[in-house]
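# Understanding the architecture of this molecule
The lines below spell out each chain.
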Amino acid sequence: MEALKRRMVGECLRQEMSTSRWIDIPEEVMELYVHAGRPRPLYRAKRLEQKLGLGKVRIYYKREDLSPTGSHKVNTAIPQAYYAAKEGKKTLVTETGAGQWGTALTYASSLLGLKTVVFWVRAVYDWKTERKYLMQMYGAKVYASPSDQTAFGRKLLEVDSKHPGSLGIAVSEGLEYTDLAADRVYCLGSVLNHVLIHQSIIGLECIKQFEKADDSPDLVIGCFGGGSNFGGVALPFMGEVLQKKRECEFLAAQSEAAPNLVRGEYRYDFGDTAGHTPLMMM
Ligand SMILES: Cc1ncc(COP(=O)(O)O)c(C=O)c1O
């Protein structure tokens, strides 16, 4: 717990463990959401409906892609950067896989006047160079992971100087790097409760937008990697289903390449390769 308190944003850790039904969004975070283009529109996909020829089926989609860096990740990057700045932190450290989380956190950091250090899975770092330029434009330091910045990275590079890396390795490096200075803090882009809480802005907006459209979904669909995109849109609707305020079903869609909801074992494991995180049920 002491290590977690040192490495994580205090307010995020409190939210992680919170049992409150509602957590207020600070006024400044609301203003930054507006700055970043919220609320985002809910569109009706009329041409897709016609093309599919499904009769009376109505399809809506929420435009999280209109965020400044192109993904929903900005929704949690902004509050995480805001709380970190309030707690006197100077540098946000993180991992990124595809690069969406790295760009989102770097963008939010720049709004709050913070520095960002990103450990980016080497295989993708070498591939999506335009995202690297975007992060650097916002002032981030970006390292291909495994890197020479940490003991864990150096150990892996000794064995294979072209190690492709993995998300688990990048998290391990980020946590080790965070421990090297007291004004650094580690931020995660998916999976954890506080991230899903921040992402619930998507579903909360959808509920209001459906009211305005005088319509209501029978089925909410989201893609699922670590769960923040799906949770963000689905959890507010699920809350109302559990309170018997609406009837609705949910569908999480995921790649066959990483079927973490339907295959594998459900058990305790570390969130990173080196075993720096607490054991979590996953
Ligand atoms: C554009 C986009 N959509 C959805 C997802 C899935 O989000 P999650 O991993 O939180 O389930 C990601 C993950 O990086 C993403 O970049």
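Details of the structure are given in the entry above.
In this report, we go over the structure that sits alongside the text. In this text the structure is predicted, and so the values were computed from the model without any measurement. (Residues numbered from 1 in each chain as written. Predicted model: local features only at pLDDT ≥ 70, side-chain atom pairs only at ≥ 80, totals over all residues. Heavy atoms only, no water.)

### As for the overall build of the chain
- Helix and strand counts for the chain stand at 13 helices and 10 strands.
- The C-alpha radius of gyration computed for the chain amounts to 19 Å, which stays within 12% of the reference 19 Å derived for 282 residues, consistent with globular compactness.
- When its C-alpha atoms are laid out on the principal axes, the chain stretches across 60 × 40 × 40 Å.
- Across the 282 residues in the chain, those meeting the buried criterion constitute 47%.
- The long-range share in the chain, meaning contacts at least 24 apart out of those at least 6 apart in sequence, stands at 67%. (Helix = DSSP H or I, 4+ residues; strand = E, 2+ residues; numbered from the N terminus. Rg over C-alpha atoms; globule rule 2.2 N^0.38 Å. Buried < 20%, exposed > 50% of the residue type's maximum accessible area, 1.4 Å probe, protein only. Contact = heavy atoms within 4.5 Å.)

### Observations regarding the site of the ligand
- All residues in the neighbourhood of the ligand are listed as Ser71, His72, Lys73, Gln100, Ser190, Cys223, Phe224, Gly225, Gly226, Gly227, Ser228 and Asn229.
- Note that an oxygen atom of the ligand is positioned 2.7 Å from one of the backbone N or O atoms of glycine 227.
- Between the ligand and serine 228 there is a distance of 2.5 Å, counted from an oxygen atom to a side-chain nitrogen or oxygen.
- Compared with its free state, where it exposes 390 Å², the ligand has 74% of that area covered by protein.
- Considered class by class, the residues forming the shell around the ligand number two nonpolar, nine polar and one charged. (Near = heavy atom within 4 Å. Polar contact = N/O pair within 3.5 Å; in protein donor to acceptor, adjacent residues only side chain to side chain. Areas by Shrake-Rupley, 256 points an atom, 1.4 Å probe, with all protein chains shown as cover. Nonpolar A, V, L, I, M, F, W, Y, C, P; charged D, E, K, R; others polar.)

### Some thoughts on the pairing of strand β7 (residues 219-223)
- Along β7, the buried face is formed by Val220 and Gly222; none of Leu219, Ile221 and Cys223, which line the opposite face, is buried.
- Bridge count for β7 against strand β8 (residues 249-253) is five bridges, and the pairing is parallel. Across the sheet, residue valine 220 finds its bridge partner in β8, namely phenylalanine 250.
- On the question of chirality, the crossover connecting β7 to the parallel β8 by way of helix α13 (residues 228-242) is right-handed. (Pairing = 2+ DSSP bridges. Right-handed = clockwise from strand over helix to strand, strands pointing away.)

### Examining the environment of tyrosine 33
- Structurally, the position occupied by tyrosine 33 is in helix α3 (residues 27-35).
- Between the C-alpha atoms of tyrosine 33 and proline 79, which are 46 residues apart in sequence, the distance is 9.2 Å.
- A polar contact is formed between the side chain of tyrosine 33 and the backbone oxygen of asparagine 75, at a distance of 2.5 Å.

### Comments concerning the side chain of serine 190
- Relative to the helices and strands, serine 190 is located in the loop between β6 (184-186) and α11 (193-199).
- Looking at serine 190, the relative accessible area reads 13%, which means it is buried.
- A polar side-chain atom of serine 190 sits 3.4 Å from the main-chain amide nitrogen of serine 228.
- Not counting chain neighbours up to four residues away, the residues in contact with serine 190 comprise Lys73, Val195, Gly226, Gly227 and Ser228.

### A word on the layout of surface pockets
- Taken as a whole, the second largest pocket encloses approximately 1200 Å³ of empty space.
- Lining the second largest pocket are 37 residues; nearest its centre among them are Arg21, Trp22, Ser200, Leu204 and Pro236.
- The set of elements that each furnish at least two residues to the lining of the second largest pocket consists of α3, α5 (74-86), α11, α12 (201-212) and α13.
- Element by element, the count of residues in the lining of the second largest pocket is highest for α12, at seven residues.
- Residues of the lining of the second largest pocket, tallied by class, amount to 19 nonpolar, 10 polar and eight charged. (1 Å grid on protein atoms, 1.4 Å probe; cavity = no way out; pocket = protein on both sides within 12 Å on 5 of 7 lines; lining within 4 Å. Points joined across faces, edges and corners; volume = space filled by probe spheres on them.)

In short, geometric facts, not functional conclusions.
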